[in-house]
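# Understanding the architecture of this molecule
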Amino acid sequence: MPWPASPELLTPLAPWFERVRRDLPWRAADLEAPHPDPYAVLVSELMLQQTQVATVVPYFTRWLDEFPDPRALANAEDDAVHKAWEGLGYYRRARFLKATATSVAAEGWPADLAGLAKLPGLGPYTAAAVGAIAFQWPTPALDGNAFRVLARLLLIDGDPKDRAADLRFWLAPALGALGPSRLTQALMELGATVCRPSPACERCPLAGHCAAKLAGRTGEIPPVAKRAKSTSSALWLVAFEAEGHVLLHAPTPKGLLAGLWRWPTFLATVHLPQATAQNPQPTRAWPGWTQVYTHRREALSPLHIVLADRFTPAAGLRWVARGELQGLPLGKRDQRLRDLLDRPGQGPLEAPDPAALIKACAAPSV
DNA sequence: GAAGCGTGGGG
DNA sequence: TCCCCAAGCTT
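Worth saying up front: this structure is predicted, and the values here are computed from it rather than measured.

Direction of pairing for strand 1 (residues 231-242) relative to strand 6 (residues 296-307): parallel, over a ladder of 12 bridges. Each bridged residue has a counterpart across the sheet, and for S232 the counterpart in strand 6 is R297. For strand 1 and strand 3 (residues 265-267), the ladder comprises 3 bridges, and the chain directions are antiparallel. Among the inter-strand pairings, L235 is bridged to a residue of strand 3, identified as L267. One ladder, built from 2 bridges, connects strand 1 with strand 2 (residues 245-249); its direction is antiparallel. Among the inter-strand pairings, E241 is bridged to a residue of strand 2, identified as V246. Hairpin connection from strand 1 to strand 2: 2 residues lie between these consecutive antiparallel strands, with E243 at a positive phi of about 55°.

The next thing to look at is the protein's contact with DNA strand B. Taken together, 19 residues sit near DNA strand B, with Y91, R92, L257, T294 and K332 positioned nearest. When the atoms of DNA strand B within 4 Å of the protein are grouped by moiety, sugar and phosphate amount to 55% of the total. A distance of 3.5 Å is found between a base nitrogen of DNA strand B and a backbone nitrogen or oxygen belonging to L88. Of the residues in the surface near DNA strand B, the class split is 7 nonpolar, 9 polar and 3 charged.

Attention now moves to the pairing of strand 6. In terms of strand pairing, strand 4 (residues 283-285) meets strand 6 through 3 bridges, oriented antiparallel. Counted as the bridge partner of R284 is H304 from strand 6. Here 4 bridges tie strand 5 (residues 289-292) to strand 6, and the two strands are oriented antiparallel to one another. Residue pairing for strand 6: Q291 is matched across the bridge by E298. Where strand 5 folds back on strand 6, the antiparallel hairpin that results is connected by 3 residues.

The packing of two helices is summarised by the inter-axis angle and the distance between the axes. Packing of helix 3 (residues 38-48) against helix 7 (residues 92-107) leaves a shortest axis separation of 10 Å and a crossing angle of 160°. With respect to each other, helix 3 and helix 7 are oriented roughly antiparallel. Between helix 3 and helix 7 lies a crossing of right-handed hand. Of the residues in helix 7, those in contact with L42, V43, L46, M47 and L48 of helix 3 are R93, L97 and T100. The residue inventory of the contact of helix 3 with helix 7, partitioned by class, reads 6 nonpolar, 1 polar and 1 charged.

Close contacts around DNA strand C come from 27 residues, with R92, D143, N145, P197 and R227 the closest. Those atoms of DNA strand C that come within 4 Å of the protein belong to sugar or phosphate at a rate of 65%. In the environment of DNA strand C, a phosphate oxygen lies 2.7 Å from a nitrogen or oxygen atom belonging to the backbone of Q50. The separation between a phosphate oxygen of DNA strand C and a polar side-chain atom of R148 is 3.5 Å. Of all the secondary-structure elements, those providing two or more residues to the surface near DNA strand C are helix 3, helix 7, helix 9 (124-135), helix 10 (144-153) and helix 12 (180-193). Of the residues contributing to the surface near DNA strand C, the split by class is 12 nonpolar, 8 polar and 7 charged.

By size, the foremost hydrophobic cluster in this structure holds 43 residues, and its most contacted members are M47, W63 and W85. Of all the secondary-structure elements, those providing two or more residues to this core are helix 3, helix 4 (53-66), helix 6 (78-85), helix 7 and helix 9. Each of domain 1 (6-220) and domain 2 (231-361) accounts for three or more of the residues forming this core. If we skip the residues at most four places from it in the chain, W85 touches L46, M47, Y59, W63, Y90, Y91, R93, A94 and L97.

Scoring rules and cut-offs
- Residues numbered from 1 in each chain as written.
- Chains lettered and ligands numbered in written order.
- Predicted model: local features only at pLDDT ≥ 70, side-chain atom pairs only at ≥ 80, totals over all residues.
- Heavy atoms only, no water.
- Pairing = 2+ DSSP bridges.
- Helix = DSSP H or I, 4+ residues; strand = E, 2+ residues; numbered from the N terminus.
- Near = heavy atom within 4 Å.
- Polar contact = N/O pair within 3.5 Å; in protein donor to acceptor, adjacent residues only side chain to side chain.
- Nonpolar A, V, L, I, M, F, W, Y, C, P; charged D, E, K, R; others polar.
- Axes fitted to C-alpha atoms, helices over the stretch in contact; angles between N-to-C directions.
- Parallel < 35°, antiparallel > 145°, perpendicular 65-115°, else oblique.
- Left-handed = near helix turned anticlockwise from the far one by under 90°.
- Contact = heavy atoms within 4.5 Å.
- Core = buried A, V, L, I, M, F, W, Y, C linked by side-chain atoms within 4.5 Å.
- Buried < 20%, exposed > 50% of the residue type's maximum accessible area, 1.4 Å probe, protein only.
- Domains from an automatic or database assignment.

In structure tokens, the structure reads:
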């Protein structure tokens, strides 16, 4: 691999970054010094995993307002932590962040990269990024942006992740020359704003030495990864209400929407016409929608079923006072039904038999 | 090593 | 509408 030395290729990043860099709330003014608040860097990096900057900014600001330091986060209730993360997605990041804050509050910050990498939720990229941005350690952080930029700059065929070790070694001199924090952030900023999957090479400070551009191959480097297939299902999404309470699944530790409260759902395999003579329970319905997750699509039909009395719920289900509903952490899907409850329903078109749903939610009778 | 994990924006 | 993607990590 006859790659030119990294400072030779990457030095133009510094003046470019100084000119165009976005003013982000976690970004230090002085990129030469260790960050004044490593915790802020940690929070930003966890939030930024698979999540765009514009989405993260308001969450970051509120988070630091509510949990200003590791101790505050370590002492927070799980529901409060998830509530502050509500809507951001990939909710186990919030639990990892709390676990890491607990470790830092008790034992202080790790002294090296290996120590950071042992913290919950910090993988190879995030540990290196925190090392470089918070502590100015010469730890090359390779995220999707950096891999894409370097794959094009150096004309790497195949998956650049397979060359991670070579790339980290190659980057070391540039980290020293430009400074770990500056180089790390400039490289990612270039990938996020210019060297995107569909690149804007006319704005790129490295275009003159970009091997992929010179070869006319930016469109095919790096190669696109194959997508995971996703499954589809049709579900009733049901708000049972009785005696001023609603029925919710309590948070679970694993799986989809873990850590959040959820409305009960039922496979919508059976569509029974609403027989008003035989179903005295008033049922409201609203137009449905499709909820999209990473590996799943749900065609949802929201229902509101009001009962005279509460039944004893099955394991994992709880009756929650309606007044407490607003304070519980819910995913987007379940927020949507919660908000529908305050709007007029359109009247049930077709709905399942409420008695069958109640049977599925009630504790088995002895 | 592949699967699983949320949500929103853009082409 | 559909597909791709976005500062990845854990199991």
